Amino acid sequence: MTLPSDHTPTADLGLAWNHGFAALGADFFTELRPTPLPSPRWVSTSAQVAGLLGLSDAQMHSDAALQAFTGNVLLSGSRPLASVYSGHQFGVWAGQLGDGRAILLGETANGLEVQLKGAGLTPYSRMGDGRAVLRSSIREFLCSEAMHGLGIPTSRALCITASPAPVRREETETAAVVTRVAPSFVRFGHFEHFAANGHDAQLRQLADYVIDRYYPECRAPLSFGGNPYAALLHAVSERTATLMAAWQSVGFCHGVMNTDNMSILGLTIDYGPFQFLDAFVPGHVCNHSDSQGRYAFNRQPNVAYWNMFCLAQALLPLIGDQELAKEALESFKTVFPEAFVARMRNKLGLLQAREGDAELIDGILLLLARNGVDYTIFWRRLAHAVQAGQFEPVRDLFADRTALDAWLLSYSELLGQSNQALAADLMLKSNPRYVLRNHLGEQAIRAAKLGDFSEVHTLQRLLERPFDEHPGHEAYADFPPDWASSIEISCSS
Ligand code: AMP
Ligand code: MG
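All of the points below concern the structure found in this document.

Cut-off values and rules
Residues numbered from 1 in each chain as written. Chains lettered and ligands numbered in written order. Predicted model: local features only at pLDDT ≥ 70, side-chain atom pairs only at ≥ 80, totals over all residues. Heavy atoms only, no water. Near = heavy atom within 4 Å. Polar contact = N/O pair within 3.5 Å; in protein donor to acceptor, adjacent residues only side chain to side chain. Areas by Shrake-Rupley, 256 points an atom, 1.4 Å probe, with all protein chains shown as cover. Nonpolar A, V, L, I, M, F, W, Y, C, P; charged D, E, K, R; others polar. Helix = DSSP H or I, 4+ residues; strand = E, 2+ residues; numbered from the N terminus. Expected span 1.5 Å × (residues − 1). Buried < 20%, exposed > 50% of the residue type's maximum accessible area, 1.4 Å probe, protein only. Contact = heavy atoms within 4.5 Å. Donors = N, O, S within 2.8 Å, 3.2 Å for Na, K, Ca; no water.

Section: the site of ligand 1
(1) Moving on: As a structural note, the neighbourhood of ligand 1 is formed by 17 residues, with Gly-98, Gly-100, Arg-126, Gly-130 and Asn-261 the closest of them.
(2) Moving on: With respect to ligand 1, the backbone of Gly-130 contributes an N or O atom lying 2.8 Å from a nitrogen atom.
(3) Moving on: Contact between ligand 1 and Asn-261: an oxygen atom at 2.9 Å from a side-chain N or O atom of the residue.
(4) Moving on: Coverage of ligand 1 by the protein amounts to 81% of the 490 Å² it exposes when considered alone.
(5) Moving on: Split by residue class, the shell around ligand 1 holds two nonpolar, seven polar and eight charged.

In C-alpha coordinates, the structure reads:
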(Lines give C-alpha, C1' and ligand atoms only; values in the text may rest on other atoms or scores of the structure.)
(Ligands and ions follow the chains in the order given, each with its own letter.)
Protein backbone atom coordinates (compact mmCIF):
# COMPACT_ATOMS: atom_id res chain seq x y z
CA MET A 1 0.00 0.00 0.00
CA THR A 2 1.20 3.50 -0.82
CA LEU A 3 0.16 6.88 0.48
CA PRO A 4 -0.88 9.33 -2.24
CA SER A 5 -0.72 13.06 -1.73
CA ASP A 6 -4.04 13.28 0.12
CA HIS A 7 -2.92 10.54 2.54
CA THR A 8 -5.66 8.08 1.57
CA PRO A 9 -4.01 4.66 1.42
CA THR A 10 -4.44 2.87 -1.89
CA ALA A 11 -4.21 -0.72 -3.01
CA ASP A 12 -3.43 -1.89 -6.51
CA LEU A 13 -5.23 -5.00 -7.73
CA GLY A 14 -4.28 -4.28 -11.32
CA LEU A 15 -7.79 -3.22 -12.35
CA ALA A 16 -7.95 -0.93 -15.39
CA TRP A 17 -10.66 1.72 -15.28
CA ASN A 18 -12.80 3.57 -17.75
CA HIS A 19 -15.23 5.72 -15.67
CA GLY A 20 -18.06 6.25 -18.16
CA PHE A 21 -20.60 7.46 -15.59
CA ALA A 22 -18.10 9.79 -13.90
CA ALA A 23 -17.50 11.46 -17.28
CA LEU A 24 -21.10 12.78 -17.15
CA GLY A 25 -19.93 15.46 -14.76
CA ALA A 26 -20.68 16.95 -11.38
CA ASP A 27 -24.45 17.39 -11.90
CA PHE A 28 -24.85 13.64 -11.64
CA PHE A 29 -22.96 12.76 -8.47
CA THR A 30 -20.79 13.78 -5.56
CA GLU A 31 -17.21 12.49 -5.37
CA LEU A 32 -16.36 11.21 -1.93
CA ARG A 33 -14.45 8.55 -0.04
CA PRO A 34 -15.88 5.41 1.57
CA THR A 35 -15.80 5.56 5.39
CA PRO A 36 -13.51 2.86 6.83
CA LEU A 37 -14.79 0.02 9.02
CA PRO A 38 -12.71 -1.62 11.77
CA SER A 39 -11.35 -5.19 11.68
CA PRO A 40 -12.87 -6.40 8.41
CA ARG A 41 -12.97 -10.11 7.58
CA TRP A 42 -14.10 -12.05 4.56
CA VAL A 43 -17.57 -13.59 4.62
CA SER A 44 -17.52 -14.85 1.08
CA THR A 45 -16.28 -14.13 -2.42
CA SER A 46 -17.56 -15.17 -5.84
CA ALA A 47 -14.88 -16.72 -8.03
CA GLN A 48 -17.18 -16.22 -11.03
CA VAL A 49 -17.50 -12.47 -10.50
CA ALA A 50 -13.80 -12.14 -9.68
CA GLY A 51 -13.19 -13.83 -13.04
CA LEU A 52 -15.41 -11.25 -14.79
CA LEU A 53 -13.22 -8.51 -13.34
CA GLY A 54 -10.01 -10.36 -14.15
CA LEU A 55 -9.08 -10.75 -10.47
CA SER A 56 -7.16 -13.91 -9.60
CA ASP A 57 -7.80 -16.08 -6.54
CA ALA A 58 -4.60 -14.80 -4.98
CA GLN A 59 -5.63 -11.17 -5.54
CA MET A 60 -9.11 -11.80 -4.15
CA HIS A 61 -7.73 -13.36 -1.00
CA SER A 62 -5.18 -10.65 -0.37
CA ASP A 63 -5.34 -8.23 2.52
CA ALA A 64 -5.29 -5.40 -0.04
CA ALA A 65 -8.56 -6.71 -1.54
CA LEU A 66 -10.12 -7.18 1.92
CA GLN A 67 -9.34 -3.57 2.83
CA ALA A 68 -10.32 -2.19 -0.59
CA PHE A 69 -13.68 -3.98 -0.74
CA THR A 70 -14.49 -2.79 2.77
CA GLY A 71 -13.76 0.79 1.73
CA ASN A 72 -10.73 1.13 4.01
CA VAL A 73 -8.24 1.78 1.22
CA LEU A 74 -8.85 3.07 -2.29
CA LEU A 75 -8.26 0.90 -5.33
CA SER A 76 -5.74 2.76 -7.39
CA GLY A 77 -7.35 4.31 -10.43
CA SER A 78 -10.83 4.19 -8.89
CA ARG A 79 -12.89 7.37 -8.63
CA PRO A 80 -15.46 6.88 -5.87
CA LEU A 81 -18.76 8.73 -6.10
CA ALA A 82 -22.38 8.62 -4.98
CA SER A 83 -24.95 9.37 -7.69
CA VAL A 84 -28.10 11.42 -7.31
CA TYR A 85 -31.53 10.13 -8.28
CA SER A 86 -35.16 10.56 -7.26
CA GLY A 87 -38.14 8.28 -7.52
CA HIS A 88 -41.62 7.07 -6.71
CA GLN A 89 -41.77 4.99 -3.55
CA PHE A 90 -44.91 2.92 -2.91
CA GLY A 91 -46.68 4.85 -5.67
CA VAL A 92 -45.91 8.30 -4.26
CA TRP A 93 -43.35 10.83 -5.50
CA ALA A 94 -40.54 10.76 -2.94
CA GLY A 95 -38.37 13.57 -4.34
CA GLN A 96 -34.62 13.36 -4.18
CA LEU A 97 -33.02 10.11 -3.05
CA GLY A 98 -29.64 8.97 -4.35
CA ASP A 99 -26.93 6.51 -3.38
CA GLY A 100 -27.36 6.81 0.37
CA ARG A 101 -24.98 4.01 1.24
CA ALA A 102 -23.69 2.72 -2.09
CA ILE A 103 -20.43 4.15 -3.38
CA LEU A 104 -19.47 3.59 -6.99
CA LEU A 105 -15.75 2.93 -7.30
CA GLY A 106 -15.98 3.36 -11.03
CA GLU A 107 -16.28 1.37 -14.20
CA THR A 108 -13.60 -1.10 -15.18
CA ALA A 109 -12.07 -1.03 -18.63
CA ASN A 110 -14.19 -4.04 -19.60
CA GLY A 111 -17.39 -2.16 -18.84
CA LEU A 112 -18.40 -3.28 -15.35
CA GLU A 113 -19.31 -0.83 -12.62
CA VAL A 114 -18.08 -1.76 -9.16
CA GLN A 115 -20.05 -0.49 -6.20
CA LEU A 116 -19.58 -0.85 -2.44
CA LYS A 117 -22.93 -1.12 -0.65
CA GLY A 118 -22.80 -0.09 2.99
CA ALA A 119 -19.60 1.95 2.67
CA GLY A 120 -20.67 4.96 4.72
CA LEU A 121 -22.54 8.24 4.61
CA THR A 122 -23.06 10.18 1.40
CA PRO A 123 -24.84 13.50 0.76
CA TYR A 124 -27.88 11.36 -0.13
CA SER A 125 -28.05 9.33 3.07
CA ARG A 126 -31.01 11.37 4.40
CA MET A 127 -31.96 9.80 7.76
CA GLY A 128 -29.84 6.68 7.18
CA ASP A 129 -26.41 5.79 8.53
CA GLY A 130 -24.82 4.78 5.23
CA ARG A 131 -24.36 1.24 6.47
CA ALA A 132 -25.72 -2.21 5.63
CA VAL A 133 -26.03 -5.01 8.16
CA LEU A 134 -24.53 -8.49 7.80
CA ARG A 135 -28.01 -10.06 7.58
CA SER A 136 -29.18 -8.12 4.54
CA SER A 137 -25.74 -8.23 2.93
CA ILE A 138 -25.75 -12.03 3.01
CA ARG A 139 -29.24 -12.03 1.47
CA GLU A 140 -28.16 -9.66 -1.32
CA PHE A 141 -24.93 -11.53 -2.01
CA LEU A 142 -26.57 -14.95 -2.18
CA CYS A 143 -29.60 -13.81 -4.14
CA SER A 144 -27.55 -11.97 -6.77
CA GLU A 145 -25.62 -15.13 -7.49
CA ALA A 146 -28.74 -17.32 -7.21
CA MET A 147 -30.57 -15.20 -9.80
CA HIS A 148 -27.61 -15.42 -12.13
CA GLY A 149 -27.58 -19.19 -11.63
CA LEU A 150 -31.25 -19.25 -12.62
CA GLY A 151 -30.50 -17.33 -15.80
CA ILE A 152 -32.28 -14.17 -14.64
CA PRO A 153 -30.73 -10.75 -15.39
CA THR A 154 -29.26 -9.30 -12.19
CA SER A 155 -26.50 -7.23 -10.69
CA ARG A 156 -23.76 -9.56 -9.48
CA ALA A 157 -21.97 -9.74 -6.15
CA LEU A 158 -18.18 -10.01 -5.90
CA CYS A 159 -17.84 -10.39 -2.16
CA ILE A 160 -19.04 -9.59 1.35
CA THR A 161 -16.80 -8.37 4.08
CA ALA A 162 -17.95 -8.02 7.68
CA SER A 163 -16.91 -5.77 10.53
CA PRO A 164 -17.78 -5.94 14.23
CA ALA A 165 -18.85 -2.27 14.03
CA PRO A 166 -22.34 -1.97 15.53
CA VAL A 167 -25.24 -0.83 13.34
CA ARG A 168 -28.58 0.06 14.87
CA ARG A 169 -31.71 -1.37 13.27
CA GLU A 170 -34.70 -2.80 15.22
CA GLU A 171 -31.92 -4.25 17.31
CA THR A 172 -28.17 -3.66 17.21
CA GLU A 173 -26.51 -5.66 14.45
CA THR A 174 -23.08 -5.51 12.81
CA ALA A 175 -21.88 -3.88 9.59
CA ALA A 176 -20.99 -5.51 6.29
CA VAL A 177 -20.17 -4.34 2.79
CA VAL A 178 -21.30 -6.08 -0.40
CA THR A 179 -19.33 -5.32 -3.54
CA ARG A 180 -21.85 -5.26 -6.37
CA VAL A 181 -21.05 -5.41 -10.05
CA ALA A 182 -23.21 -4.53 -13.08
CA PRO A 183 -22.70 -2.91 -16.47
CA SER A 184 -24.63 0.05 -15.06
CA PHE A 185 -26.48 0.94 -11.89
CA VAL A 186 -28.53 3.67 -13.62
CA ARG A 187 -32.15 3.52 -12.46
CA PHE A 188 -35.47 4.88 -13.74
CA GLY A 189 -35.10 7.31 -10.84
CA HIS A 190 -32.01 8.91 -12.38
CA PHE A 191 -34.15 10.07 -15.31
CA GLU A 192 -37.03 11.09 -13.05
CA HIS A 193 -34.62 13.23 -11.05
CA PHE A 194 -33.57 15.49 -13.92
CA ALA A 195 -37.05 15.55 -15.46
CA ALA A 196 -38.70 16.57 -12.17
CA ASN A 197 -36.22 19.41 -11.74
CA GLY A 198 -36.68 20.63 -15.32
CA HIS A 199 -33.00 19.94 -16.07
CA ASP A 200 -33.55 18.99 -19.69
CA ALA A 201 -29.91 19.30 -20.71
CA GLN A 202 -28.80 16.80 -18.06
CA LEU A 203 -31.76 14.56 -18.89
CA ARG A 204 -30.65 14.48 -22.52
CA GLN A 205 -27.04 13.93 -21.53
CA LEU A 206 -28.00 10.95 -19.39
CA ALA A 207 -30.27 9.47 -22.07
CA ASP A 208 -27.57 9.90 -24.72
CA TYR A 209 -25.05 8.24 -22.43
CA VAL A 210 -27.32 5.26 -21.75
CA ILE A 211 -28.21 4.90 -25.44
CA ASP A 212 -24.63 5.18 -26.69
CA ARG A 213 -23.27 2.80 -24.08
CA TYR A 214 -26.01 0.23 -23.64
CA TYR A 215 -28.63 0.64 -26.37
CA PRO A 216 -26.75 1.75 -29.53
CA GLU A 217 -29.42 0.07 -31.68
CA CYS A 218 -31.77 2.90 -30.64
CA ARG A 219 -29.83 5.18 -33.00
CA ALA A 220 -30.88 3.12 -36.03
CA PRO A 221 -32.71 5.47 -38.43
CA LEU A 222 -35.74 3.19 -38.74
CA SER A 223 -36.12 2.73 -35.00
CA PHE A 224 -39.23 4.64 -33.86
CA GLY A 225 -39.15 7.11 -36.71
CA GLY A 226 -35.58 8.03 -35.88
CA ASN A 227 -36.52 9.10 -32.34
CA PRO A 228 -33.80 7.46 -30.21
CA TYR A 229 -35.51 8.37 -26.92
CA ALA A 230 -38.75 6.65 -27.92
CA ALA A 231 -36.65 3.71 -29.08
CA LEU A 232 -34.95 3.68 -25.66
CA LEU A 233 -38.30 3.63 -23.88
CA HIS A 234 -39.40 0.78 -26.12
CA ALA A 235 -36.22 -1.21 -25.46
CA VAL A 236 -36.40 -0.71 -21.68
CA SER A 237 -40.06 -1.68 -21.79
CA GLU A 238 -39.18 -4.95 -23.50
CA ARG A 239 -36.35 -5.76 -21.12
CA THR A 240 -38.46 -4.95 -18.07
CA ALA A 241 -41.31 -7.11 -19.37
CA THR A 242 -38.86 -9.96 -19.99
CA LEU A 243 -37.51 -9.57 -16.46
CA MET A 244 -41.01 -9.71 -14.98
CA ALA A 245 -41.70 -12.91 -16.92
CA ALA A 246 -38.56 -14.41 -15.40
CA TRP A 247 -39.51 -13.36 -11.86
CA GLN A 248 -43.07 -14.64 -12.14
CA SER A 249 -42.02 -17.98 -13.63
CA VAL A 250 -39.56 -18.74 -10.85
CA GLY A 251 -41.77 -17.43 -8.02
CA PHE A 252 -39.55 -14.46 -7.10
CA CYS A 253 -41.08 -11.56 -5.22
CA HIS A 254 -38.86 -8.43 -5.16
CA GLY A 255 -40.65 -6.63 -2.37
CA VAL A 256 -39.74 -2.97 -3.09
CA MET A 257 -40.39 -2.17 -6.73
CA ASN A 258 -40.00 1.57 -6.28
CA THR A 259 -38.87 3.38 -9.43
CA ASP A 260 -35.48 4.03 -7.84
CA ASN A 261 -35.01 0.26 -7.62
CA MET A 262 -35.73 -0.31 -11.33
CA SER A 263 -32.67 -0.84 -13.50
CA ILE A 264 -32.52 0.91 -16.87
CA LEU A 265 -30.90 -2.29 -18.15
CA GLY A 266 -33.74 -4.54 -16.97
CA LEU A 267 -31.62 -6.16 -14.26
CA THR A 268 -32.82 -7.29 -10.86
CA ILE A 269 -31.24 -4.78 -8.47
CA ASP A 270 -31.45 -3.68 -4.84
CA TYR A 271 -32.22 -6.90 -3.04
CA GLY A 272 -34.06 -6.06 0.16
CA PRO A 273 -37.12 -7.87 1.52
CA PHE A 274 -37.29 -10.26 -1.49
CA GLN A 275 -38.61 -13.80 -1.24
CA PHE A 276 -38.91 -16.92 -3.32
CA LEU A 277 -42.40 -18.30 -2.78
CA ASP A 278 -42.67 -21.45 -0.72
CA ALA A 279 -46.37 -22.39 -1.15
CA PHE A 280 -47.85 -20.82 -4.28
CA VAL A 281 -49.83 -17.90 -2.90
CA PRO A 282 -50.37 -15.45 -5.80
CA GLY A 283 -51.20 -12.52 -3.51
CA HIS A 284 -48.20 -13.09 -1.25
CA VAL A 285 -46.63 -9.91 0.17
CA CYS A 286 -43.03 -10.56 1.21
CA ASN A 287 -42.22 -7.10 2.54
CA HIS A 288 -43.47 -6.76 6.09
CA SER A 289 -43.48 -2.94 5.68
CA ASP A 290 -45.79 -3.12 2.61
CA SER A 291 -49.07 -2.88 4.50
CA GLN A 292 -51.16 -2.18 1.36
CA GLY A 293 -49.71 -5.14 -0.53
CA ARG A 294 -48.67 -2.87 -3.38
CA TYR A 295 -45.79 -5.17 -4.25
CA ALA A 296 -47.61 -8.48 -3.85
CA PHE A 297 -46.21 -11.27 -6.01
CA ASN A 298 -49.05 -11.24 -8.56
CA ARG A 299 -48.99 -7.44 -8.89
CA GLN A 300 -45.36 -7.23 -9.99
CA PRO A 301 -45.98 -7.15 -13.77
CA ASN A 302 -48.59 -4.37 -13.36
CA VAL A 303 -46.31 -2.43 -11.05
CA ALA A 304 -43.47 -2.72 -13.54
CA TYR A 305 -45.80 -1.32 -16.22
CA TRP A 306 -46.77 1.53 -13.87
CA ASN A 307 -43.07 2.20 -13.29
CA MET A 308 -42.56 2.25 -17.06
CA PHE A 309 -45.13 5.08 -17.19
CA CYS A 310 -42.99 7.04 -14.74
CA LEU A 311 -39.99 6.51 -16.98
CA ALA A 312 -42.06 7.53 -20.02
CA GLN A 313 -43.16 10.69 -18.23
CA ALA A 314 -39.53 11.49 -17.47
CA LEU A 315 -38.41 10.90 -21.06
CA LEU A 316 -41.31 12.85 -22.56
CA PRO A 317 -39.42 16.15 -22.88
CA LEU A 318 -36.89 14.28 -25.04
CA ILE A 319 -39.39 12.19 -27.00
CA GLY A 320 -41.54 15.25 -27.63
CA ASP A 321 -44.59 13.28 -28.73
CA GLN A 322 -47.03 11.74 -26.27
CA GLU A 323 -48.50 9.30 -28.80
CA LEU A 324 -45.06 8.02 -29.72
CA ALA A 325 -44.22 7.55 -26.02
CA LYS A 326 -47.44 5.56 -25.52
CA GLU A 327 -46.64 3.45 -28.54
CA ALA A 328 -43.15 2.76 -27.15
CA LEU A 329 -44.69 1.49 -23.91
CA GLU A 330 -47.22 -0.75 -25.62
CA SER A 331 -44.71 -3.53 -26.23
CA PHE A 332 -44.79 -4.36 -22.51
CA LYS A 333 -48.32 -5.72 -22.90
CA THR A 334 -47.34 -8.21 -25.56
CA VAL A 335 -43.79 -9.01 -24.49
CA PHE A 336 -44.69 -9.89 -20.89
CA PRO A 337 -47.31 -12.56 -21.67
CA GLU A 338 -45.26 -13.99 -24.53
CA ALA A 339 -42.09 -14.21 -22.45
CA PHE A 340 -44.03 -15.63 -19.49
CA VAL A 341 -45.74 -18.32 -21.55
CA ALA A 342 -42.41 -19.17 -23.19
CA ARG A 343 -40.78 -19.70 -19.79
CA MET A 344 -43.74 -21.70 -18.48
CA ARG A 345 -43.74 -23.84 -21.62
CA ASN A 346 -40.14 -24.77 -20.83
CA LYS A 347 -41.12 -25.59 -17.26
CA LEU A 348 -43.81 -27.88 -18.67
CA GLY A 349 -41.43 -29.45 -21.18
CA LEU A 350 -43.60 -28.38 -24.11
CA LEU A 351 -41.21 -28.29 -27.02
CA GLN A 352 -43.56 -26.51 -29.42
CA ALA A 353 -45.92 -23.62 -28.90
CA ARG A 354 -49.59 -24.60 -29.27
CA GLU A 355 -52.96 -22.87 -28.99
CA GLY A 356 -53.94 -24.36 -25.62
CA ASP A 357 -50.68 -23.62 -23.79
CA ALA A 358 -51.83 -20.50 -21.96
CA GLU A 359 -54.95 -22.31 -20.74
CA LEU A 360 -52.88 -25.25 -19.50
CA ILE A 361 -50.57 -22.85 -17.63
CA ASP A 362 -53.46 -20.93 -16.06
CA GLY A 363 -55.02 -24.26 -15.10
CA ILE A 364 -52.03 -25.52 -13.14
CA LEU A 365 -51.35 -22.17 -11.47
CA LEU A 366 -54.95 -22.12 -10.25
CA LEU A 367 -54.60 -25.64 -8.83
CA LEU A 368 -51.27 -24.80 -7.19
CA ALA A 369 -52.88 -21.79 -5.54
CA ARG A 370 -56.04 -23.63 -4.44
CA ASN A 371 -54.03 -26.48 -2.95
CA GLY A 372 -51.29 -24.26 -1.48
CA VAL A 373 -48.66 -26.41 -3.18
CA ASP A 374 -44.97 -25.67 -2.78
CA TYR A 375 -44.03 -23.93 -6.02
CA THR A 376 -40.42 -25.08 -6.51
CA ILE A 377 -41.02 -28.64 -5.35
CA PHE A 378 -44.04 -29.03 -7.63
CA TRP A 379 -42.10 -28.12 -10.76
CA ARG A 380 -39.08 -30.21 -9.92
CA ARG A 381 -41.28 -33.22 -9.13
CA LEU A 382 -43.16 -32.72 -12.39
CA ALA A 383 -39.85 -32.82 -14.27
CA HIS A 384 -38.88 -36.07 -12.53
CA ALA A 385 -42.36 -37.48 -13.12
CA VAL A 386 -42.07 -36.88 -16.87
CA GLN A 387 -38.60 -38.39 -16.81
CA ALA A 388 -39.74 -41.52 -14.94
CA GLY A 389 -43.32 -41.74 -16.29
CA GLN A 390 -44.52 -41.87 -12.68
CA PHE A 391 -46.81 -39.08 -11.45
CA GLU A 392 -47.63 -40.26 -7.91
CA PRO A 393 -45.09 -37.92 -6.20
CA VAL A 394 -46.77 -35.01 -7.98
CA ARG A 395 -50.27 -36.15 -7.02
CA ASP A 396 -49.13 -36.41 -3.38
CA LEU A 397 -48.73 -32.63 -3.30
CA PHE A 398 -52.43 -31.94 -3.95
CA ALA A 399 -55.46 -32.31 -1.72
CA ASP A 400 -57.82 -32.12 -4.70
CA ARG A 401 -56.56 -35.06 -6.76
CA THR A 402 -59.64 -35.18 -9.02
CA ALA A 403 -58.95 -31.70 -10.32
CA LEU A 404 -55.26 -32.46 -10.69
CA ASP A 405 -55.95 -35.68 -12.60
CA ALA A 406 -58.12 -33.77 -15.06
CA TRP A 407 -55.29 -31.31 -15.60
CA LEU A 408 -52.71 -34.12 -15.90
CA LEU A 409 -54.84 -35.71 -18.59
CA SER A 410 -54.78 -32.61 -20.81
CA TYR A 411 -51.12 -32.12 -20.02
CA SER A 412 -50.21 -35.71 -20.96
CA GLU A 413 -52.06 -35.31 -24.25
CA LEU A 414 -49.97 -32.28 -25.18
CA LEU A 415 -46.79 -33.83 -23.86
CA GLY A 416 -47.45 -37.14 -25.61
CA GLN A 417 -47.04 -35.37 -28.93
CA SER A 418 -43.37 -34.63 -28.24
CA ASN A 419 -40.25 -36.60 -27.38
CA GLN A 420 -40.49 -37.38 -23.63
CA ALA A 421 -36.76 -37.63 -23.03
CA LEU A 422 -36.18 -34.23 -24.61
CA ALA A 423 -39.11 -32.80 -22.65
CA ALA A 424 -37.75 -34.12 -19.34
CA ASP A 425 -34.31 -32.78 -20.18
CA LEU A 426 -35.72 -29.30 -20.86
CA MET A 427 -37.77 -29.46 -17.65
CA LEU A 428 -34.79 -30.37 -15.49
CA LYS A 429 -32.97 -27.36 -16.93
CA SER A 430 -35.96 -25.05 -16.43
CA ASN A 431 -37.18 -26.07 -12.97
CA PRO A 432 -34.54 -25.41 -10.30
CA ARG A 433 -33.98 -27.86 -7.48
CA TYR A 434 -32.58 -25.11 -5.25
CA VAL A 435 -33.85 -21.58 -4.66
CA LEU A 436 -32.89 -19.16 -1.89
CA ARG A 437 -35.85 -19.82 0.37
CA ASN A 438 -36.22 -17.46 3.31
CA HIS A 439 -35.46 -20.12 5.90
CA LEU A 440 -32.25 -21.18 4.13
CA GLY A 441 -31.02 -17.59 4.09
CA GLU A 442 -32.05 -17.27 7.73
CA GLN A 443 -30.08 -20.37 8.77
CA ALA A 444 -26.98 -19.05 7.02
CA ILE A 445 -27.45 -15.65 8.66
CA ARG A 446 -27.85 -17.13 12.16
CA ALA A 447 -24.61 -19.11 11.77
CA ALA A 448 -22.81 -16.10 10.26
CA LYS A 449 -23.79 -13.92 13.21
CA LEU A 450 -21.91 -16.46 15.36
CA GLY A 451 -18.89 -16.21 13.07
CA ASP A 452 -19.54 -19.36 11.04
CA PHE A 453 -19.78 -18.58 7.32
CA SER A 454 -19.86 -22.19 6.12
CA GLU A 455 -23.62 -22.13 5.49
CA VAL A 456 -23.19 -19.06 3.30
CA HIS A 457 -20.57 -20.96 1.30
CA THR A 458 -22.70 -24.08 0.99
CA LEU A 459 -25.74 -22.12 -0.16
CA GLN A 460 -23.63 -20.15 -2.59
CA ARG A 461 -22.31 -23.36 -4.14
CA LEU A 462 -25.80 -24.87 -4.48
CA LEU A 463 -27.39 -21.70 -5.82
CA GLU A 464 -24.68 -21.06 -8.39
CA ARG A 465 -25.82 -24.33 -10.02
CA PRO A 466 -29.47 -24.60 -8.97
CA PHE A 467 -30.48 -27.11 -11.64
CA ASP A 468 -27.90 -29.71 -10.57
CA GLU A 469 -28.81 -32.44 -8.08
CA HIS A 470 -25.95 -31.86 -5.56
CA PRO A 471 -26.20 -35.29 -3.82
CA GLY A 472 -26.02 -35.06 -0.03
CA HIS A 473 -27.81 -31.69 0.03
CA GLU A 474 -31.39 -32.97 -0.23
CA ALA A 475 -32.43 -30.99 2.86
CA TYR A 476 -31.81 -27.72 1.02
CA ALA A 477 -34.39 -28.74 -1.60
CA ASP A 478 -36.99 -29.85 0.93
CA PHE A 479 -40.19 -28.20 2.17
CA PRO A 480 -39.70 -25.21 4.44
CA PRO A 481 -39.96 -25.89 8.19
CA ASP A 482 -43.01 -24.54 10.04
CA TRP A 483 -41.03 -21.62 11.45
CA ALA A 484 -40.30 -20.32 7.92
CA SER A 485 -43.69 -18.63 7.71
CA SER A 486 -42.95 -16.58 10.82
CA ILE A 487 -39.82 -14.94 9.36
CA GLU A 488 -40.53 -11.24 8.97
CA ILE A 489 -38.54 -9.41 6.33
CA SER A 490 -38.91 -5.65 6.18
CA CYS A 491 -37.26 -2.74 4.36
CA SER A 492 -34.89 -2.39 7.32
CA SER A 493 -31.54 -3.54 6.05
P1 AMP B 1 -34.20 1.15 -0.89
O2 AMP B 1 -35.67 1.26 -1.13
O3 AMP B 1 -33.80 0.21 0.18
O4 AMP B 1 -33.51 0.83 -2.19
O5 AMP B 1 -33.66 2.58 -0.38
C6 AMP B 1 -34.27 3.80 -0.69
C7 AMP B 1 -33.31 4.93 -0.49
O8 AMP B 1 -32.84 4.98 0.85
C9 AMP B 1 -32.07 4.87 -1.35
O10 AMP B 1 -31.77 6.18 -1.75
C11 AMP B 1 -31.02 4.33 -0.42
O12 AMP B 1 -29.71 4.72 -0.78
C13 AMP B 1 -31.43 4.94 0.90
N14 AMP B 1 -31.02 4.13 2.06
C15 AMP B 1 -31.50 2.93 2.46
N16 AMP B 1 -30.89 2.52 3.58
C17 AMP B 1 -29.97 3.46 3.90
C18 AMP B 1 -29.01 3.60 4.95
N19 AMP B 1 -28.87 2.69 5.92
N20 AMP B 1 -28.24 4.71 4.95
C21 AMP B 1 -28.37 5.65 4.01
N22 AMP B 1 -29.26 5.56 3.00
C23 AMP B 1 -30.04 4.49 2.94
MG1 MG C 1 -32.69 1.18 -3.60
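Notes on helix α11 (residues 375-388)
(1) Moving on: Over its 14 residues, α11 runs 20 Å from end to end, which matches the ideal 20 Å to within 8%, given 1.5 Å per residue.
(2) Moving on: Counting buried positions along α11 yields 10 of 14 residues, so the element is predominantly enclosed.
(3) Moving on: What α11 keeps buried is the set Tyr-375, Thr-376, Ile-377, Phe-378, Trp-379, Arg-380, Leu-382, Ala-383, Ala-385 and Val-386.
(4) Moving on: Residues of α11 that are buried in the fold lie against α7 (228-250), α9 (322-348), α10 (357-370), α12 (392-395), α13 (401-416) and α14 (420-430).
(5) Moving on: Just beyond α11, the residue with positive phi is Gly-389, at close to 70°.

With respect to the coordination of the magnesium ion (ligand 2)
(1) Moving on: The magnesium ion (ligand 2) binds to the protein through Asn-261 (OD1) and Asp-270 (OD); the donor distances cover 2.0 to 2.1 Å.
(2) Moving on: Look at Asp-270 and you get buried, because its relative accessible area is 12%.

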